[in-house]
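Descriptive structure summary
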Amino acid sequence: MADPASSDTLAVELRNVDKAFYGVKANDHVSFRLARGEVHALLGENGAGKSTLCSILAGLYRPDAGEMLFEGEPATFKSPKDALAAGVGMVYQHFRLVPNLTVAENFALGHPDIGLRIDQKELHRSAEELGEKYGLPVDPAARIWQLSVGEQQRVEILKLLYRNAKILILDEPTAVLTPQESQALFKTMRQMAQEGRSVIFVSHKLHEVKQVSDQVTVLRGGKTVGGVATADAEPKDLARMMVGRDLELPVRDAQTDYGPVVLSVDGIRVPGDRGLEAVRGVTFELRAGEVIGIAGVSGNGQRELAYGLVGLRTPTGGTVTLEGVDVTTSSVLDHIHKGFSYVPQNRLGMGLAPGLTTEENLALKAFRRHPFSKGRRLVASAFRDEGARQIEQYDIRGVRPGLPIRLLSGGNLQKALVAREVELEPKVLIARSPTRGLDVGATEAVRNQVLAQRSRGAGVLLISEDLDELLALADRILVLYEGEVVGEMPTEEATAERLGLLMAGQRDEARS
Amino acid sequence: MTTRRFIVEPRGLASPQLTLLVPVASVIAALVVGGVFLLLTGENPLSVYAKMVDAAFGSSRGVSETLISATPLILTGVAAAVAFKMLVWNIGAEGQFLMGAVFAAGVAIWLGDGAPPAVALPIMIIAGGLGGAVWAAGSAIPRVYMGTNEIITTLMLNFIALNFMNYLIFGSGSPWRDPAVSTFPQGRPVPEGARLPEFFNRLDIGIFVAIALAAVAWYLIGKTRWGFAVRIVGDSAETAHYSGIGVNQKILSVFLLSGAFAGFAGGLFVSGPVGALDPRSLDLGLGFTGIIVAALARLNPLAVIPVAVLMGALNNAGPSLQSIGVPTATVTMLQGAILIFAVAGEFFIGNRLRRPDRASSPVPEGAEAA
């Protein structure tokens, strides 16, 4: 590991950088020193300023104030192109690839040495060589849309290596990977560091940071809280630096005393967007007071399973029964009235009407009934009073009269969405990645709501890619792979390794 | 570090004053631009504008003519406002207006002289609405069930409606054509009982009907369960579907309602100032002007009323300009400029400019930073 104190080994240094959005300081006097040949973890909650800091380094944003030194010299990146020319590249959480082009063609995009004519052969060869060298195998002729999320990420990293980036910024790369894929990525990261490249690894998962990084910088509320050598830092200390207090996320209590079966799913089949079957015969029974976790890498039928269960997409086979009543082909409205609540993954795209106010969004499903309407007329006072009560009870912050809900922060959006769904007092609550992208406070609130529904006697189906969350909340975990349940176990018997293998498609031998 | 002179940033919530200021500023900006053109043509803009104000509001006859012009614009404005609010791009108010006129005139002629006004007038206005809705259905049904682009279908149906009306009068011996006049074909006058009573010069009670209908639209959208569902669909169809709302059915009903409002305007125009299916009096682009009205009123059905009066005044002032040698088309140009500025002004309702170094005013607590 390089000595971080010596300035000639520094790849990049930020001094007192400020960056504000809409008057909110996303980076407030942030300082950051990145040595050559190190894996440097950037740790912090959502909204702590990690992405802003990375985007400044990658040339996407320009700081309002402060200095940036690049290999000891003051530097200003006017655009990501500038940054890349200097050797700084970033893999964003949302990939910057053209889906209809091949892997090799994506390599060529924006490359300064490649003009109108593209030497496909040469590109294919380089892509293959690089992939082999760094343990990132990928087919250069494949089109991006044919690749899994993990493979697309490899393409992004290879693209940067092809441009010979000296500093690689990876923004929460493990969020879309199985534990095994993450391990492979860590190996690549170490290899790149050994060659003298610097890797910035953004994460909020402490065990990953502990495992792969040499150095950690912790951000909180837009400020640098501290930088330490990873070897000297205990996960508990890092957590405290990150959150500012001791952290205990809610975990379910052991309970074996479930009620009767509320939801019975038998061989359900649901088509995907392209018409192919995305859910291929899923069967399970959900009891009152039970949380079933559905694990799986994104894109293995989770979305379609949820759609099929709540009426958003009619199953083409199998049955769904709620307390003995067949609801397989019922409408969305029927499902709502019969006691299904659904927290979709896409908050502003599906769960909330972004341009309407918080109060209106809280009434989005209940508006048809007392107290929100009287006959065909809306009752304005009910919107106001019920809204005020729920905003207070669920601690939704930032609400102002007439303010469109989309202007609330992610945590508050999710609190409002969950509030509305649990206020319906559902028999079955289906939630997809309900804490994804939330800060610790909001995560805590949402988890508590999920557990409160479990205690209330609702059956909860928690569909999530976050294994830690599943292990903390679920009573039983089912693993979904290519639309089928490939493994099922009580949470007590589940480990990240076992789940990870199943998520990657390996059948569980132990399953009876 | 940064060299930008101004930063554009989204404004959390626009104040009511600002939402009022922007349309007013749009009109003023359009007048300034129009003034430059008038200057270039050698006219004194101030005296031209003074002439226009005088023609529109300077006499009791001017005021009544302005309000006559405003009456159909209120309804075509509402037609555009309710549709656009739901992202239904019905730009076919023109055709729906004409078909409303065809239906209303047809019903009145069919009822004949015997029907008392208390029967004939409501039936006629309803027939107008029906005509507009039927014409809108021609775009609405393909949009909802086959996903066709309603901008194109509504626009095309405008031409069909116009030529259909022309055919009824110029091309055939239809009942709409006046048999008494053979030299130049024109519409058969509707019976006296089907004419709206006038109370102020030529101004008839149609203006009250239009205002009442605008209020009904405002109530339907803002205060009813149906309207709430419509607003959810307009904000996000995906979200509406998720919350159990029949999205297609809502789009269809709003589309038809929009057509009905344009059709009401046609019905009122025939039973009011025109008194016949007269192509020369009906083909004035009132449906298209309704789009400008709706945009300037920021799609609020009540705000449509004063804006329609303003546009009515401009329309009314047009012919008076000819007496001082300024082309009537000046008015059309001003209306176009107003639309451009109103649409551009929307940007400033949603965003603001500020100098980078100056501290900006606070945003809502909890607003996302990155």
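Residues numbered from 1 in each chain as written. Chains lettered and ligands numbered in written order. Predicted model: local features only at pLDDT ≥ 70, side-chain atom pairs only at ≥ 80, totals over all residues. Heavy atoms only, no water.

**A word on the overall build of chain A**
Within chain A one finds 17 helices and 22 strands. Taking 2.2 N^0.38 as the reference for a compact globule, 512 residues should give roughly 24 Å; the C-alpha atoms of chain A span a radius of gyration of 24 Å, in line with that estimate. Along the first, second and third principal axes, the C-alpha atoms of chain A reach 70 × 50 × 50 Å. For chain A, contacts bridging at least 24 residues in sequence account for 67% of all contacts bridging at least 6. If you sum the accessible surface of chain A, you get close to 21,400 Å²; carbon and sulfur atoms cover 48% of it. For chain A, the centre of its 61 positive side-chain charges and the centre of its 68 negative side-chain charges are spaced 5 Å apart. (Helix = DSSP H or I, 4+ residues; strand = E, 2+ residues; numbered from the N terminus. Rg over C-alpha atoms; globule rule 2.2 N^0.38 Å. Contact = heavy atoms within 4.5 Å. Areas by Shrake-Rupley, 256 points an atom, 1.4 Å probe, with all protein chains shown as cover. Lys, Arg positive; Asp, Glu negative; His and termini not counted. Charge placed at Lys NZ, Arg CZ, Asp CG, Glu CD.)

**Comments concerning the overall build of chain B**
If you tally the helices and strands in chain B, you get 14 helices and four strands. Radius of gyration (C-alpha) of chain B: 22 Å, near the 21 Å computed for a compact globule of 370 residues. Considering chain B as a whole, with its 370 residues, one finds that 52% of them fall into the buried category. Considering only intrachain contacts with a sequence separation of at least 6, the fraction spanning at least 24 residues in chain B is 75%. Entry remark: accessible area of chain B is about 16,000 Å², with carbon and sulfur atoms responsible for 68%. When the 21 positive and 19 negative side-chain charges of chain B are each reduced to one mean point, those points stand 7 Å apart. (Buried < 20%, exposed > 50% of the residue type's maximum accessible area, 1.4 Å probe, protein only.)

**Topic: the interface of chain B and chain A**
The interface is formed by 33 residues belonging to chain B together with 54 residues belonging to chain A. Both sides together, the interface formed by chain B and chain A hides about 3,700 Å², and carbon and sulfur atoms give 61% of it. The tally of links from chain B across to chain A stands at one salt bridge. The partner of A:Glu360 in a salt bridge is B:Arg231, and the shortest N-O contact between them spans 2.7 Å. Taken together, the connections running from chain B to chain A amount to 13 residue pairs in polar contact (both at pLDDT 80 or more). It is helix H8 (residues 225-235) of chain B that contributes the most residues to the side of chain B that touches chain A, six residues altogether. Here the side of chain B that touches chain A is built from residues that sort into 14 nonpolar, eleven polar and eight charged. (Buried area = accessible area lost by both parts, 1.4 Å probe. Salt bridge = Lys/Arg side-chain N within 4 Å of Asp/Glu carboxyl O. Polar contact = N/O pair within 3.5 Å; in protein donor to acceptor, adjacent residues only side chain to side chain. Nonpolar A, V, L, I, M, F, W, Y, C, P; charged D, E, K, R; others polar.)

**Examining the packing of helix H12 (residues 286-296) of chain B against helix H13 (residues 304-322) of chain B**
Angle between the axes and distance between the axes are the two parameters that describe a pair of packed helices. Residues and elements named next belong to chain B. Relative to each other, H12 and H13 sit at 130°, their axes nearing to 9 Å. On the basis of their axis angle, the class for H12 and H13 is oblique. Considering how the two elements wind past one another, H12 and H13 form a crossing that is right-handed. Here H12 contributes Leu286, Thr289, Ile292, Val293, Ala294 and Leu296 to the contact with H13, which in turn contributes Val304, Val307, Ala308, Leu310, Met311 and Asn315. When grouped by side-chain class, the residues that make up the contact of H12 with H13 number ten nonpolar, two polar and no charged. (Axes fitted to C-alpha atoms, helices over the stretch in contact; angles between N-to-C directions. Parallel < 35°, antiparallel > 145°, perpendicular 65-115°, else oblique. Left-handed = near helix turned anticlockwise from the far one by under 90°.)

**Quick look at the packing of helix H1 (residues 16-40) of chain B against helix H2 (residues 45-57) of chain B**
Residue and element names in this part refer to chain B. Two numbers describe how H1 lies on H2: the axes approach to 9 Å, and their chain directions differ by 120°. By the criterion of interaxial angle, the relationship of H1 to H2 is oblique. Residues Leu31, Gly34, Gly35, Leu38 and Leu39 of H1 pack against Pro45, Val48 and Tyr49 of H2. Per-class residue counts for the contact of H1 with H2 are six nonpolar, two polar and no charged.

**Quick word on the domain arrangement of chain A**
Residue and element names in this part refer to chain A. We note that the domain assignment places domain 1 (7-243) and domain 2 (261-351 + 410-503) within chain A. On a C-alpha basis, the centres of domain 1 and domain 2 stand 33 Å from each other. At the interface, ten residues of domain 1 touch 15 residues of domain 2. Both sides of the domain 1 and domain 2 interface together cover about 910 Å² of buried area, and 60% of this is carbon and sulfur. It is Asn46, Pro179 and Gln180 that lose the most area in domain 1 upon contact with domain 2, and together they represent 40% of the buried surface on that side. Where domain 1 touches domain 2, the interface holds zero salt bridges. Taken together, domain 1 and domain 2 are joined by one residue pair in polar contact (both at pLDDT 80 or more). (Domains from an automatic or database assignment.)

**Some words on H1(B)**
All names here are of chain B. The end-to-end C-alpha distance of H1, which contains 25 residues, comes to 37 Å, matching closely the 36 Å that a straight helix rising 1.5 Å per residue would cover. Buried residues of H1: Leu18, Val22, Pro23, Ser26, Val27, Ala30, Gly34, Gly35 and Leu38, and no others. At its buried positions, H1 is contacted by H2, H12, H13 and helix H14 (329-350). (Expected span 1.5 Å × (residues − 1).)

**Comments concerning the side chain of A:Lys415**
Residues and elements named next belong to chain A. The topology assignment puts Lys415 in helix H14 (residues 410-423). With a relative accessible area of 11%, Lys415 lands in the buried category. In this structure, Lys415 is in contact with Tyr394, Asp395, Ile396, Ala442 and Ala445, ignoring residues within four places of it in sequence.

**Describing the sheet that holds strand S21 (residues 476-481) of chain A**
Residues and elements named next belong to chain A. Across the sheet, which stays open at both edges, the six strands sit in the order S16-S19-S20-S13-S21-S22 with mixed pairing between neighbours. Looking at which strands have only one partner, the edges of the open sheet turn out to be strand S16 (340-343) and strand S22 (484-490). Between one strand axis and the next, the sheet turns through 15° on average, direction left out of account. Of the pairings in the sheet, the one linking strand S13 (residues 291-295) to strand S20 (residues 459-463) comprises four bridges and is parallel in character. Bridge assignment links Ile294 to a residue of S20, and that residue is Ile463. (Pairing = 2+ DSSP bridges.)

**Quick look at the confidence of the model for chain A**
Residues at a pLDDT of 70 or more form 96% of chain A, whose mean pLDDT is 89. Below a pLDDT of 50 lies the segment residues 1-5 of chain A, which in the model reaches nine contacts outside its immediate sequence neighbourhood of four places, other chains included. (pLDDT = per-residue confidence, 0-100.)

**Here we look at the environment of B:Ala262**
All names here are of chain B. Within the secondary structure, Ala262 sits in helix H10 (residues 247-274). Overall, the relative accessible area of 0% leaves Ala262 in the buried class. Along the sequence, Ala262 and Gly290 sit 28 residues apart, while their C-alpha atoms lie 8.9 Å from each other. Excluding residues within four positions of it along the chain, Ala262 makes contact with Leu75, Thr76, Ala79, Ala93, Gln96 and Phe97.

**Side note on the nonpolar core**
Taken as a class, soluble globular proteins show a tendency for nonpolar side chains to be buried jointly. Among the nonpolar cores identified, the biggest contains 112 residues, and A:Phe367, B:Met52, B:Phe261, B:Leu277 and B:Leu282 are the most heavily contacted of them. The element best represented in this core is H10(B), accounting for 14 residues. The residues touching B:Leu282, leaving out its near neighbours within four places in the chain, are B:Phe97, B:Leu98, B:Ala101, B:Met165, B:Phe269, B:Val270, B:Ala276 and B:Leu277. If you look at the next biggest cluster of nonpolar residues, it comprises 74 residues, including A:Ala419, A:Ala442, A:Leu467 and A:Val485. (Core = buried A, V, L, I, M, F, W, Y, C linked by side-chain atoms within 4.5 Å.)

**Points about helix H5 (residues 117-146) of chain B**
All names here are of chain B. Compared with the 44 Å implied by 1.5 Å per residue over 30 residues, the 42 Å span of H5 between its first and last C-alpha is a close match. Its axis deflected by about 35° at Ala137, H5 carries its strongest bend there. Once H5 ends, the next one or two residues include Gly147, with phi positive near 70°. (Bend = angle between axes of the 7 residues up to and from the residue.)

**Describing empty space enclosed by the protein**
Empty space left among the atoms is revealed by rolling a probe the size of a water molecule over them. Counted under the stated rule, the structure contains three cavities of 30 Å³ or more. Considered as a void within the structure, the largest cavity measures approximately 70 Å³ in volume. Taken together, B:Ile68, B:Thr71, B:Pro72, B:Leu203, B:Asp204, B:Ala265, B:Leu268, B:Phe269 and B:Pro273 make up the lining of the largest cavity. Elements that contribute at least two residues to the lining of the largest cavity include exactly helix H3 (60-85), strand S3 (203-204) and H10 of chain B. Take the lining of the largest cavity: its biggest share by element is four residues, from H10(B). Considered class by class, the residues forming the lining of the largest cavity number seven nonpolar, one polar and one charged. Quantified by volume, the second largest cavity comes out at close to 50 Å³. In terms of lining, the second largest cavity is formed by A:Val310, A:Leu312, A:Val332, A:His335, A:Ile336, A:Phe340, A:Ser341, A:Tyr342, A:Lys365 and B:Tyr242. Contributing elements (two or more residues each) for the lining of the second largest cavity: helix H10 (332-338) and S16 of chain A. Its residues assigned to classes, the lining of the second largest cavity comprises seven nonpolar, two polar and one charged. (1 Å grid on protein atoms, 1.4 Å probe; cavity = no way out; pocket = protein on both sides within 12 Å on 5 of 7 lines; lining within 4 Å. Points joined across faces, edges and corners; volume = space filled by probe spheres on them.)

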